[in-house]
Amino acid sequence: METLVKEIDTTEQKDVKVFRANALESEAIYIFREVVAQFEKPVLLFSGGKDSITLVRLAQKAFWPAKIPFPLMHIDTGHNFPETIEFRDGLVTELGVELIVRHVQDSIDQGKVIEETGKYASRNTLQTTTLLDAIEEFKFDACIGGARRDEEKARAKERIFSVRDDFGQWDEKNQRPELFDMLNGKIEIGQNVRVFPISNWTELDVWNYIEQEQIEIPSIYFAHKRNTFLRDGLIWSAEDGVVFRAQDEEVRERTVRFRTVGDMSCTAAVESTANTIEKVVAEIRESKISERGARIDDKRSEAAMEKRKQQGYF
């Protein structure tokens with residue numbers, strides 16, 4: 001009898017998971033179609049991470065059997081994980097979609113931003129200038145991103161259609177109400193909108209969807225051996241020549257994976273033996289720490305993310 005009850009419970013859990021995944025997928029597909037219907041020149045912001053990869057799959061479904069009707073754009077810090085860049089290029093080739101790449105290094109060379117130095121130096125915040133320049137260059141009026149409300153408290157304030165002013169800045173007090181599924185894409189000349197089709201998803205929802213759809217993702221998300229060192233209670237990669245390391249910070253091989261794949265200079269690993277999607281899902285289900293707990297750029301101040309968003313960040 002106990003075994004039967006467990007089997008029934010497991011079946012019900014699977015049914016609930018599939019129902020939620022289907023509902024979230026339908027919402028995201030609706031949002032994608034509204035973007036194409038309401039805007040002249042949309043673009044999908046692609047980082048090579050699991051959230052933007054999920055967006056690509058949703059966009060495929062939204063417009064199948066036609067190709068995705070807008071380009072992908074990657075703002076390359078020059079400090080990306082090599083596994084991510086390799087995956088990005090392979091995916092673009094496979095799908096036959098247009099990829100636009102703009103480089104933070106160019107913004108540095110042009111004197112538009114100044115590269116940080118020191119122990120916590122990162123190019124992550126410098127992306128904003130490169131992104132805003134690219135939006136102006138191509139006259140994009142809607143930039144589709146993979147941000148989710150569960151990631152961080154500033155993200156929780158975001159609308160699905162988030163209006164940015166003609167300087168690319170976000171004002172959380174000047175956002176439109178979104179009643180039911182009514183998405184208002186009317187903007188003034190010079191404004192643009194950031195669109196977040198998976199805003200209502202959680203990290204676990206994304207992984208459940210990746211598992212359900214059997215979506216390929218970069219190997220860096222799975223447990224692997226890597227030379228690392230510890231700083232501030234976080235595990236940093238010592239293999240890439242990007243992250244500053246003091247002489248007294250000892251390098252050791254650990255079995256780790258990355259829950260998020262931002263700029264190498266601000267993205268730490270977690271110790272893990274999860275080497276399959278099923279194991280990753282089980283690990284996240286038990287985790288009590290947010291995935292952005294391994295992002296040092298969010299810890300610079302209490303309102304770090306909100307300030308970056310106000311300046312035009314993703």
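Residues numbered from 1 in each chain as written. Predicted model: local features only at pLDDT ≥ 70, side-chain atom pairs only at ≥ 80, totals over all residues. Heavy atoms only, no water.

**Q** When you look at the confidence of the model for the protein in this model, what are you seeing that I'm missing?
**A** If pLDDT is low for a region, its predicted coordinates should not be looked at in detail. With 81% of its residues at a pLDDT of 70 or more, the protein has an overall mean of 85. This stretch, residues 298–303, has a pLDDT under 50; its non-local contacts, to residues over four places away or in other chains, come to 12 contacts. (pLDDT = per-residue confidence, 0-100. Contact = heavy atoms within 4.5 Å.)

**Q** For this particular structure, what's the right way to read the pairing of strand S9 (residues 252–257)?
**A** A regular strand places its side chains so that they alternate between the two faces of the sheet. Of the strand pairs in this sheet, strand S7 (residues 224–231) and S9 are connected by five bridges, and their pairing is antiparallel. Each residue of the ladder has a partner; that of Thr228, found in S9, is Arg252. Pairing geometry for S9 and strand S10 (residues 270–271), over two bridges, is antiparallel. Within S10, the residue paired with Arg257 across the bridge is Val270. (Pairing = 2+ DSSP bridges. Helix = DSSP H or I, 4+ residues; strand = E, 2+ residues; numbered from the N terminus.)

**Q** It is not clear to me how helix H7 (residues 203–213) should be interpreted in this structure. Could you clarify?
**A** Residues lying three or four places apart along an α-helix face the same way, a consequence of the helix completing one turn every 3.6 residues. Counting buried positions along H7 yields eight of 11 residues, so the element is predominantly enclosed. Within H7 the residues assigned to the buried category are Glu203, Asp205, Val206, Trp207, Asn208, Tyr209, Ile210 and Glu213. In the stretch just after H7, Gln214 is the one whose phi turns positive, near 55 degrees. (Buried < 20%, exposed > 50% of the residue type's maximum accessible area, 1.4 Å probe, protein only.)

**Q** What should I look at first to understand the nonpolar core in this one?
**A** If you look at soluble globular proteins, the nonpolar side chains tend to sit buried side by side. Counting residues in hydrophobic clusters, the biggest one holds 55 residues, and the most contacted among them are Phe32, Leu44, Phe161 and Trp207. For this core, the secondary-structure elements that each account for two or more residues are helix H1 (2–38), helix H2 (50–63), helix H3 (82–95), strand S4 (142–144), strand S5 (161–164), strand S6 (192–195), H7 and helix H8 (277–286). If one sorts the elements of this core by residue count, H2 sits on top with seven residues. Counting 15 residues, the second-largest nonpolar core is a separate cluster that includes Val43, Leu45, Ile135 and Cys143. (Core = buried A, V, L, I, M, F, W, Y, C linked by side-chain atoms within 4.5 Å.)

**Q** Just checking my understanding: could you explain unusual backbone geometry for this structure?
**A** Working note: non-glycine residues mostly have negative phi, and peptide bonds are mostly trans. Residues Trp64 and Pro65 are joined by a peptide bond in cis, for which omega reads 10 degrees. Within the secondary structure, Pro65 is located in the loop between H2 and strand S2 (72–76). Even without being a glycine, Lys139 presents a positive backbone phi close to 60 degrees. Along the polypeptide, Lys139 turns up in the loop between helix H5 (127–138) and S4. What makes Lys139 exposed here is its relative accessible area of 51%.

**Q** What is the right way to look at the sheet that holds S5 in this model?
**A** Two modes of strand pairing occur in sheets, parallel and antiparallel, and in both the strands are linked by backbone hydrogen bonds. Strand order in the open sheet formed by six strands is S3-S2-S1-S4-S6-S5, and the pairing between neighbours is mixed. Of all strands in the sheet, those with a lone pairing partner are strand S3 (99–103) and S5, marking the two edges. On average, adjacent strands in this sheet sit at an angle of 30 degrees to one another, irrespective of strand direction. Both strand S1 (residues 42–45) and S2 contribute to a ladder of two bridges, which runs parallel. Bridge pairing links Leu44 to Leu72 in S2. In the packing of H3 onto the sheet, contacts are made with S2 and S3, and the angle to S2 comes to roughly 160 degrees. (Axes fitted to C-alpha atoms, helices over the stretch in contact; angles between N-to-C directions.)

**Q** Is there a simple way to think about the packing of H2 against H7 in this case?
**A** To characterise two packed helices, one gives the angle between the axes of the helices and the distance between these axes. Close contact between H2 and H7 brings their axes to 10 Å; oriented N to C, the two are set at 55 degrees. Relative to H7, the element H2 is oriented oblique. Remark: the crossing between H2 and H7 carries left-handed chirality. Judged by residue contacts, Lys50, Asp51, Thr54, Arg57, Leu58 and Lys61 of H2 engage Glu203, Val206, Trp207, Tyr209, Ile210 and Glu213 from H7. Tallied by class, the residues present in the contact of H2 with H7 amount to five nonpolar, one polar and six charged. (Parallel < 35°, antiparallel > 145°, perpendicular 65-115°, else oblique. Left-handed = near helix turned anticlockwise from the far one by under 90°. Nonpolar A, V, L, I, M, F, W, Y, C, P; charged D, E, K, R; others polar.)

**Q** Just checking my understanding: could you explain the side chain of His79 for this structure?
**A** For His79, the location among the structural elements is in the loop between S2 and H3. Filtering out sequence-adjacent residues up to four positions away, His79 remains in contact with Glu115, Arg123, Val242, Asp263 and Met264.

**Q** Mind showing me how you'd approach the packing of H7 against H8 here?
**A** Packing of H7 against H8 brings their axes to within 10 Å, and their N-to-C directions diverge by 165 degrees. Taken together, H7 and H8 sit at an angle that is classed as roughly antiparallel. Of the two elements, H7 crosses H8, and the hand of that crossing is left-handed. Between H7 and H8, the residues in contact are Glu203, Leu204, Trp207, Asn208, Ile210 and Glu211 and Ile277, Glu278, Val280, Val281, Ile284 and Arg285, respectively. A breakdown of the residues in the contact of H7 with H8 according to their chemical character gives seven nonpolar, one polar and four charged.

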